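# Summary of the model geometry
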Amino acid sequence: EVQLVESGGGLVQAGGSLRLSCAASGFTFDDYAIGWFRQAPGKEREGVSCISDSDGTTYYADSVKGRFTISRDNAKNTVYLEMNSLKPEHTAVYYCAAVRSRVRIYTIVVATTCLPVGYDYWGQGTQVTVSS
């Protein structure tokens with residue numbers, strides 16, 4: 001069974017840190033680009049950070065540059081999102097998603113664009129709440 005499961009969310013004070021994990025199973029993880037997305041109440045889902053399957057190309061939303069770091073451990077079939085210097089506006093449900101390459105450059109383009117469209121698999125989400 002294909003699964004993509006997020007964990008590590010919770011309640012944290014402003015300025016604190018959390019480390020989100022996205023554990024994959026049921027597919028060839030290292031052939032997929034992975035994205036982290038979030039959706040706050042009343043807002044559209046947006047890209048937070050994405051990483052390609054091949055050369056490790058990464059994307060960060062302007063609002064999280066210098067605060068968040070994405071990484072992947074293919075041996076563990078897991079992608080991480082290290083979240084530092086958290087602010088209340090970061091409060092949202094965070095989702096991870098995976099997309100398989102269609103052509104050679106496809107997942108690089110998708111990772112660089114980091115839009116919540118065209119992904120093959122989605123996790124259930126994990127709540128991140130940042131208090132002021």
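Preceding this section is the structure that the text describes.
Residues numbered from 1 in each chain as written. Predicted model: local features only at pLDDT ≥ 70, side-chain atom pairs only at ≥ 80, totals over all residues. Heavy atoms only, no water.

### Focus: the packing of aromatic side chains
Here is the rule: For Phe, Tyr and Trp, rings pair up if their centres lie within 6.5 Å, where Trp contributes its six-membered ring, and each pair is then called stacked (planes under 30 degrees apart), edge-to-face (over 60) or tilted (otherwise). What counts as a helix is a DSSP run of H or I of at least four residues, what counts as a strand is a run of E of at least two, and both are numbered from the N terminus. Note on classification: 1.4 Å probe, protein chains only; a residue is buried when its accessible area is under 20% of the maximum for its type, exposed when over 50%, partly exposed between these limits. Two conditions define a charge located above a ring, namely a distance within 6 Å from the ring centre to NZ of Lys or CZ of Arg, and an angle within 35 degrees of the ring normal.
Scanning the entire structure with this criterion turns up 7 aromatic pairs. Note on phenylalanine 37 and tyrosine 119: the rings are 5.2 Å apart at their centroids and 80° apart in plane angle, and the pair reads as edge-to-face. Of this pair, phenylalanine 37 sits in strand β4 (residues 32-39) while tyrosine 119 is found in the loop between α1 (106-113) and β10 (121-122), placing the two residues 82 residues apart along the sequence. Take phenylalanine 37 and tyrosine 119: they sit in the same class, and that class is buried. Aromatic rings pair up to connect Phe37, Tyr95, Tyr119 and Trp122 into one cluster. Geometry around tyrosine 80 places arginine 19 over its ring, the cationic atom sitting 3.9 Å from the centre.

### Examining the pairing of strand β7 (residues 68-73)
Rule in force here: By the convention used here, strands pair only if DSSP detects at least 2 bridges between them.
Burial along β7 is one-sided: Phe68, Ile70 and Arg72 are buried, while Thr69, Ser71 and Asp73, pointing the other way, are not. Here 6 bridges tie β7 to strand β8 (residues 78-83), and the two strands are oriented antiparallel to one another. Bridged to phenylalanine 68 within β8 is methionine 83.

### Considerations on α1
Inclusion rule: Directions are taken from the helix axis to each C-beta atom, and the arc is the one they span. The contact criterion used is simple: two residues touch if any of their non-hydrogen atoms lie within 4.5 Å.
Taken together, the buried positions of α1 are occupied by Thr107, Val110 and Ala111. Along the axis of α1, the buried residues cluster in a sector spanning 95°; they form a single face. Packed against the buried residues of α1 are β4, β5 (46-51), β6 (58-60) and β9 (92-100). Trailing α1 by a residue or two, cysteine 114 shows a phi angle of about 55°, which is positive.

The analysis is restricted to geometry; functional conclusions fall outside its scope.
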